[in-house]
Amino acid sequence: MSSIDELTLGGDELEVVMLPSIGARVHRIRAFGQDLLRTPDDPATHLEQPFDWGAYPMAPWCNRAPAGPTPVAGRTVHLAANFPDGTAIHGLVSAAPWTPDGDGSLHVQAGGDGWPWPHEVALTPSVGGRGLQFDFRLTNLAREPMPAGIGLHPWFRTPVEVSLPAEAVYQANSGSAAVSQPVAGAFDLRRLGPPSTGLDGTWTRLRERRVELEWPDLGVRARLEMESDTASACVAVARPPSTDAVAIEPQTHGPDPLRRLANGEPDAPILLGPGGALRFVVRLTVSSAEPR
């Protein structure tokens, strides 16, 4: 087993274990003694397979961005590929070491290289009773406006049923359409049920910024809520055939974020002014139910 430092919050009803030195990621969420996340036995597995376990923050962008030179916001972004499809995925902070502060928050600085805007991400986690809250703040440390987005990428254990009150969807996260489509068929997640295997899209036009989850075999329900300073609110959902988990990712913009911003497409990241801050809050509240 590894000797990676762990930060444990909460108690008997809801316990959260975080790994500040590995992207401030969440190693475990345990409700009423049941693990809700895809959690490896050894925390060091997060280093070996950084995108496949637990939950991790995404900033200053979410989802996929193109590798190589990309003009946007008056600068040229030159990101390195970090995913098998050749894209740069999920931002810059999910594997970096975060520094704990005396007030219980964690923070990390990044950028200035292939992403030409230095920035800081701060996270204040808290757990009380049956609820947890992650309060993120992304601050632009550059002298020019910076494209900005924040998200959280949890891998929830299956079997799980999901309800997402979204009216429209980008059906693919890679090479997504410029405009979302009305939900239909397997892409209509408005009624509680298991997401179809193979889904990998982003849902938008949320009637409410929440997701309902239920684990019938575990007797656990949860409500995932999001709050941000942005007009746009999206949830990416991915259920790979080879993984015993489904990703339910609240975030502040849609897929292909740099293209959306450059082309003026809907659900683009915001342009954050010098010294400006973007706040993003994720809350998870759990409750117990009789197993089915």
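Now for a look at the structure at hand. Please read these numbers as outputs of a predicted model, since none were measured by experiment. (Residues numbered from 1 in each chain as written. Predicted model: local features only at pLDDT ≥ 70, side-chain atom pairs only at ≥ 80, totals over all residues. Heavy atoms only, no water.)

For the rest of this paragraph, the subject is the overall build of the chain. Regarding its fold elements, the chain presents two helices and 25 strands. Scaling as 2.2 N^0.38, a compact globule of 292 residues should have a C-alpha radius of gyration of about 19 Å, and the chain matches this with 18 Å. In terms of overall dimensions, the chain has C-alpha extents of about 55 × 45 × 30 Å along its principal axes. Within the chain, the fraction of its 292 residues that count as buried is 56%. Pairs at least 24 apart in sequence give 65% of the contacts found in the chain among residues at least 6 apart. For the chain, the exposed surface amounts to about 11,800 Å²; the carbon and sulfur share of it is 47%. Side chains of the chain carry 24 positive and 34 negative charges; the gap between the two charge centres is 6 Å. (Helix = DSSP H or I, 4+ residues; strand = E, 2+ residues; numbered from the N terminus. Rg over C-alpha atoms; globule rule 2.2 N^0.38 Å. Buried < 20%, exposed > 50% of the residue type's maximum accessible area, 1.4 Å probe, protein only. Contact = heavy atoms within 4.5 Å. Areas by Shrake-Rupley, 256 points an atom, 1.4 Å probe, with all protein chains shown as cover. Lys, Arg positive; Asp, Glu negative; His and termini not counted. Charge placed at Lys NZ, Arg CZ, Asp CG, Glu CD.)

Turning next to the sheet that holds strand β25 (residues 277-288). Taking strand neighbours across the sheet as the criterion, the eight strands line up as β10-β11-β12-β13-β25-β21-β20-β16 in an open arrangement whose pairing is antiparallel. A strand with exactly one partner marks an edge of an open sheet, and here the two such strands are β10 (99-100) and β16 (161-163). Two elements, β16 and strand β20 (residues 210-215), share three bridges in a ladder whose sense is antiparallel. Along β20, the bridge assignment pairs S163 with E212. (Pairing = 2+ DSSP bridges.)

Here we take up the side chain of D267. Here D267 is to be found in the loop between α2 (257-263) and β24 (270-272). In this structure the side chain of D267 is engaged in a polar contact, spanning 2.7 Å, whose partner is the side chain of Y170. One polar contact links D267 to T204, side chain to side chain, over a distance of 3.0 Å. Not counting residues up to four positions away in its chain, the partners in contact with D267 are Y170, T204, S232, C234, H253, G254 and R260. (Polar contact = N/O pair within 3.5 Å; in protein donor to acceptor, adjacent residues only side chain to side chain.)

With that out of the way, let us pick up unusual backbone geometry. Note the cis peptide between A59 and P60, where omega equals 0°. The phi dihedral of N63 is positive, around 65°, even though this residue is not glycine. Here N63 lies in the loop between β5 (55-58) and β6 (64-66). By relative accessible area, which is 2% here, N63 ends up buried.

What follows covers the nonpolar core. With 71 residues, the main nonpolar core has I29, F134, L164, W203, L213, W215 and I248 as its most contacted residues. Here this core takes five residues from β25, the largest share from any one element. For I29, the residues in contact, after removing those within four places along its chain, are L14, E15, V16, Q34, D35, L36, L37, L132 and L284. Within the second largest apolar cluster, nine residues are counted, among which are F51, C62, I89 and A247. (Core = buried A, V, L, I, M, F, W, Y, C linked by side-chain atoms within 4.5 Å.)

Now for the pairing of strand β12 (residues 119-128). Relative to β12, strand β11 (residues 106-110) is paired through five bridges, and the arrangement is antiparallel. Counted as the bridge partner of Q109 is E120 from β12. When β12 meets strand β13 (residues 131-140), the two strands line up antiparallel, connected through 10 bridges. Along β13, the bridge assignment pairs L123 with F136. The hairpin formed by β12 and β13 contains two residues between the paired strands, and G129 there has a positive phi angle of roughly 60°.

Before going further, it helps to examine the environment of L261. Position of L261 relative to the elements: it lies in helix α2. Along the sequence, L261 and V72 sit 189 residues apart, while their C-alpha atoms lie 7.4 Å from each other. Ignoring any residue separated from it by four or fewer positions in sequence, one finds L261 in contact with V72, P147, A268, P269 and L271.

According to the stated counting rule, one finds seven aromatic pairs in the structure shown. A connected cluster of aromatic rings, assembled from ring pairs, spans F51, Y56 and F83. Residue placement shows R38 over the ring face of W53; its charged tip is 3.8 Å from the ring centre. Seen from the ring of Y170, R260 lies directly overhead, with NZ or CZ sitting 4.1 Å from the centre. (Phe/Tyr/Trp six-rings, centres within 6.5 Å; stacked < 30°, edge-to-face > 60°. Lys NZ or Arg CZ within 6 Å of the ring centre and 35° of its normal.)

With that settled, consider the pattern of salt bridges. Considering all chains together, one arrives at 21 salt bridges under this definition. Notably, a salt bridge pairs R30 with E15, separated by 3.8 Å at the nearest N-O pair. On the criterion of sequence distance, the pair formed by R30 in strand β3 (residues 25-31) and E15 in strand β2 (residues 14-19) is long-range, its members being 15 residues apart. Connected through salt bridges with shared partners, the residues E15, R28, R30 and D35 form a single ionic network. (Salt bridge = Lys/Arg side-chain N within 4 Å of Asp/Glu carboxyl O.)

Mapped onto the elements of the fold, P240 is located in the loop between β22 (234-238) and β23 (245-251). Accessibility expressed as a relative area gives 25% for P240, which makes it partly exposed. In the structure, P240 is positioned 14 residues away from M226 in sequence and 24 Å away in space, judged by C-alpha atoms. Once you skip the residues sitting within four places of it in the chain, P240 turns out to touch W155 and A245.

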